[in-house]
Amino acid sequence: MRDPRRWIISLFLTGAAGIFPALFLEGVRFVADAPFSWVGLVSRWAFVAGILIAAVLSSPHPQRLCRYPLPSPEPCSEEGRGCRRRRQRWGEDPRWRWPGLLWLGLGLVAGLAYARTGATWAAWALTGTAWILLLGLADILTGVRSRLRRWVWRGILALTAGAFPVALSQLESRFADEEFFVALEAVALALFWLLLLSVYRLSLRWTPVRLRWGVTLERRATGLVFLLLAFGGLNGTVWAYRHSFYPPVAPTYPGISEESPFLCGQVPPDTQTYDGRDVFFRILARVEANPRKGPPEYGMLALGTGDRRWAEAFRESLLAEVAEGRYTGPAHSVKSVQFEAALRAYYYPRVRDRFPGLFSEEEQARIQAWFAAVNRRALTVEWVDLMYALAFSKWPEGPYENQENGAGLLALLEAEGLADPNLSAANRAYLARNRRGWAERFRVTDDAIVYQPEWILNAYFQSLYTGEFPEENARRSFEWLLLQALPDGASLRYNHPGQGSLAGIAYLGATLFRDPRYIWLAGRAVETLEQEGRYLFAQPGVEEPVPLEGRSPTEGSCLLYGNSGLPNQKGPLAPDKIVFRDGWGKDARYLLVNLRFTGWHRYKATGTVTLVYWGEPLSADVLDGKPFSWLPVGRSLFRDKRVPRENLNGLVVEKTGMAAVLYGLTGVGGPWAQDPPYYAEVVAFETGPEKDWAHIRLTDWRGWQHDRWVYFYHNGGPIVIVDEAQGPAGAKAGLVWHLIGGERIAADHFRLGSSNVPVEVRLLPLDGSGRVESRAREGSMPGWEVEYWGATGTRAAMVIASDEWRGAEIFLNSKRLEISTTSSN
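All figures in this text were calculated on a predicted structure; none of them were measured in a lab.

(A) Looking closely at the overall build of the chain. Counting its secondary structure elements, the chain contains 21 helices and 26 strands. Each principal axis of the C-alpha atoms in the chain carries an extent, and together these give about 105 × 80 × 45 Å. Across the 825 residues that make up the chain, the buried fraction comes to 57%. Expressed as a percentage of contacts within the chain between residues at least 6 apart in sequence, the contacts between residues at least 24 apart total 72%. Total accessible area on the chain is roughly 34200 Å²; 57% of this is exposed by carbon and sulfur atoms. Taking the average location of the 91 positive side-chain charges in the chain and that of its 87 negative ones, the two points are 13 Å from each other.

This is the structure:
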């Protein structure tokens, strides 16, 4: 080291040049809509500068051989003596300077600490040392004559630099983030590392002193070891991803079993009844009012009324789609169109047989050829099938797995004689390999109620093909909807922004089982549609009236377990929802608790209150986010893993580990952890004449345990939700509530509901050291965001009561968290 000052200045310039990669990260954070702070920018700059300086100090030292040496076998000196030209090339055995061994050792220690504890400091150290070592590998592996090979190696190293921290973050969070967002974050970090590499190579030009001692590495062996490690890491990540959708074991609860998955109390029935015939024709009227009628709606109207004008409308609209070749072209990312094609396959033979002479022989031939083309398209593997095959651990096939749409379509094509004769064997082979529907389970594994009616229809279509009717699972599939239904017949939604009415599917339940509860539910639902001026789409299986008097259900609050897994995989029976209700009258109260974060279409709702309803929504998930227009259409809706945890009513905890590192670098995903546990354990669930109550628990969520008690008092009493969360010292967590409409009286006090049923809402701190914050929320669901932040944990109670309870006192037994109430009246 001949000139220490020059050496220090060169390292200072190297650190200063780190501002350029740091500014790139700041641009990524700007695109991700992350908040800007000077402290954050300086911190990222310091992190980048440290990586660059460490990489320069440990840059591999080549056995410098002259490109044009004199006739002497001796290597050239550092100054180039003995060479005709000063330009030199790498030899076969570069030497990694001794600081590189130090960084490698620190990386191993950080990796072990991260693997055992998930500590954020260890994740930062592991990320930094990994990028330092990759910069050194770039010097070793790109020291070849071929420019193409040099850029191939740089690309591989850049992808590794981007994928390594992102993959660790996903392993840490059980792949809780949207796959496309994850891929984009990895690409952004790969580009960042390439910029880091450029600054690093530039810095080597002005660094005058280089430490000489180190370890000699053979380039080919080093490259081979690196590729093997990268390939092993990729395979391990893919394996973990395939096993991330649900656990093999789920919490159990006394009294719940495969034979009895629902545990319910009882409430008095509603006095209103509905006539089955009247409800049928009111449903047809709602279908007729549909301004977006297509062949299925015309077919239902034709079969339900016997009116030939609807049959003619069906013929014309179906032939128009045949001429257009609809459902025969590439589906791209939206393979749910196979369900739309199945609806045509259901109605066409029934309308044709009901109205002889409606279709000419030539038209029937064209329609048959069209269905054959639909069949070919359904069996065609497209790019999106590769993604599903990766996730579902299967060979890619054309039939759409979700909601069993592909199986439903193929079953109808075979059952109705509409399949391509050349593909009939393939259709039947697929259906034999994939016995689904009611033969396998009673509900769709996706966590969105809007998918259950669609799944039921596909199960029904498969039943028409097999001739089998597994009655127990079929009954439970409809009860799954009935037990979650809102008492006034309004549409329920969670996860998915869509909210379909239960009128049609409930009437199908009445048709299949002659159960008066489903007539009642269909009547209540169609009544709500009429009041709101809404319409219905076609409902296969509902072609004639059911002559029954619809009577109200008497099921009260329920603990619901459901099938877990994926469309092609059966998981264990698992906790899913808790429904609280005090009746089936239009003004009855209702509260829905979500217990899961599993499945393909899943969202981060474990332990959250999905909906509080009292004639209208009082609190609900915020699902009014804008679609992501730059994503493929099938992935663009604001749903599933794209719904952040902070949009739900529950506990939020700050990110730790690699998730915190990535947020600090890129700002993607926000500061709150998005990986709640798979399930909330149901510690207790009881129903009674005074109140129904439940105790659920989330454990081991980044060191936090969250206990939530819901007390649902009958006879007009209050609803009280008590939360207690304890976590690591110094860690941040809070409770988030999303209230709808109303007015704010104070930061912790709100008045919601209509003038007919005014409701008082209070968020009460129970630990004496927390604070309540609230702010207005705009958008399609205006209201209030209410947050509680505890100083040493989180302990608070949300109280929801009618106006007559204003001024009442609520006493909490701190040992057992039991509640007694005293009305002000």
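(B) Looking closely at the pattern of salt bridges. Tallying each qualifying case throughout the model produces 52 salt bridges. Across the salt bridge formed by Arg-708 and Asp-723, the nearest N and O atoms sit 2.5 Å from each other. Placement of Arg-708 in strand E16 (residues 704-713) and of Asp-723 in strand E17 (residues 719-726) is noted, with a sequence separation of 15 residues between them. Pair check on accessibility: Arg-708 and Asp-723 agree, each one buried. The shortest N-O distance in the salt bridge between Arg-795 and Glu-724 comes to 2.9 Å.

(C) Summary view of helix H21 (residues 657-666). Judged by how many residues are buried, H21 sits mostly within the fold: 10 of 10 residues are covered. Residues of H21 that are buried include every one of Gly-657, Met-658, Ala-659, Ala-660, Val-661, Leu-662, Tyr-663, Gly-664, Leu-665 and Thr-666, and no others. Where the residues of H21 are buried, they touch helix H2 (19-31), helix H3 (38-57), helix H4 (98-117), helix H5 (120-141), helix H6 (147-173) and helix H7 (179-206). Note on H21: the residue one or two positions beyond its end, Gly-667, has a positive phi of about 75°.

(D) Layout of a nonpolar patch on the surface. A surface patch of nonpolar side chains, about 320 Å² in accessible area, is lined by Leu-101, Leu-104, Leu-108 and Val-215. Judged by relative accessible area, Leu-104 falls into the partly exposed class, the value being 39%.

(E) Up close: the nonpolar core. Core analysis: the largest hydrophobic core is formed by 157 residues, its most contacted members being Phe-461, Tyr-507, Leu-559, Ile-578, Leu-591, Val-593 and Ile-800. With 9 residues, the top contributor of residues to this core is helix H12 (residues 337-354). Among residues more than four places away in sequence, those in contact with Leu-591 are Ile-578, Val-579, Phe-580, Val-609, Leu-611, Val-612, Val-710, Phe-712, Ile-719 and Ile-721. Counting residues in each nonpolar core, the second largest holds 51 residues, with Ala-138, Ala-161, Val-166 and Val-182 among its members.

(F) Geometry of the sheet that holds strand E14 (residues 681-686). Strand order across the open sheet formed by 8 strands is E14-E15-E16-E17-E24-E21-E20-E19, with antiparallel pairing between neighbours. Either end of the sheet is taken by a strand with one partner, and the two such strands are E14 and strand E19 (743-746). Strand-to-strand twist of the sheet, defined as the mean angle between neighbouring strand axes without regard to direction, takes the value 15°.

(G) Representation of empty space enclosed by the protein in the model. Counting across every chain of the model gives 8 cavities of 30 Å³ or more. Taken as a whole, the largest cavity holds about 80 Å³ of empty space. In the lining of the largest cavity, the residues fall into 7 nonpolar, 2 polar and 2 charged.

Here is what the cut-offs are and how they apply
- Residues numbered from 1 in each chain as written.
- Predicted model: local features only at pLDDT ≥ 70, side-chain atom pairs only at ≥ 80, totals over all residues.
- Heavy atoms only, no water.
- Helix = DSSP H or I, 4+ residues; strand = E, 2+ residues; numbered from the N terminus.
- Buried < 20%, exposed > 50% of the residue type's maximum accessible area, 1.4 Å probe, protein only.
- Contact = heavy atoms within 4.5 Å.
- Areas by Shrake-Rupley, 256 points an atom, 1.4 Å probe, with all protein chains shown as cover.
- Lys, Arg positive; Asp, Glu negative; His and termini not counted.
- Charge placed at Lys NZ, Arg CZ, Asp CG, Glu CD.
- Salt bridge = Lys/Arg side-chain N within 4 Å of Asp/Glu carboxyl O.
- Patch = residues over 30% accessible without salt bridge, like charges linked within 9 Å, V, L, I, M, F, W, Y side chains within 5 Å.
- Core = buried A, V, L, I, M, F, W, Y, C linked by side-chain atoms within 4.5 Å.
- Pairing = 2+ DSSP bridges.
- Axes fitted to C-alpha atoms, helices over the stretch in contact; angles between N-to-C directions.
- 1 Å grid on protein atoms, 1.4 Å probe; cavity = no way out; pocket = protein on both sides within 12 Å on 5 of 7 lines; lining within 4 Å.
- Points joined across faces, edges and corners; volume = space filled by probe spheres on them.
- Nonpolar A, V, L, I, M, F, W, Y, C, P; charged D, E, K, R; others polar.

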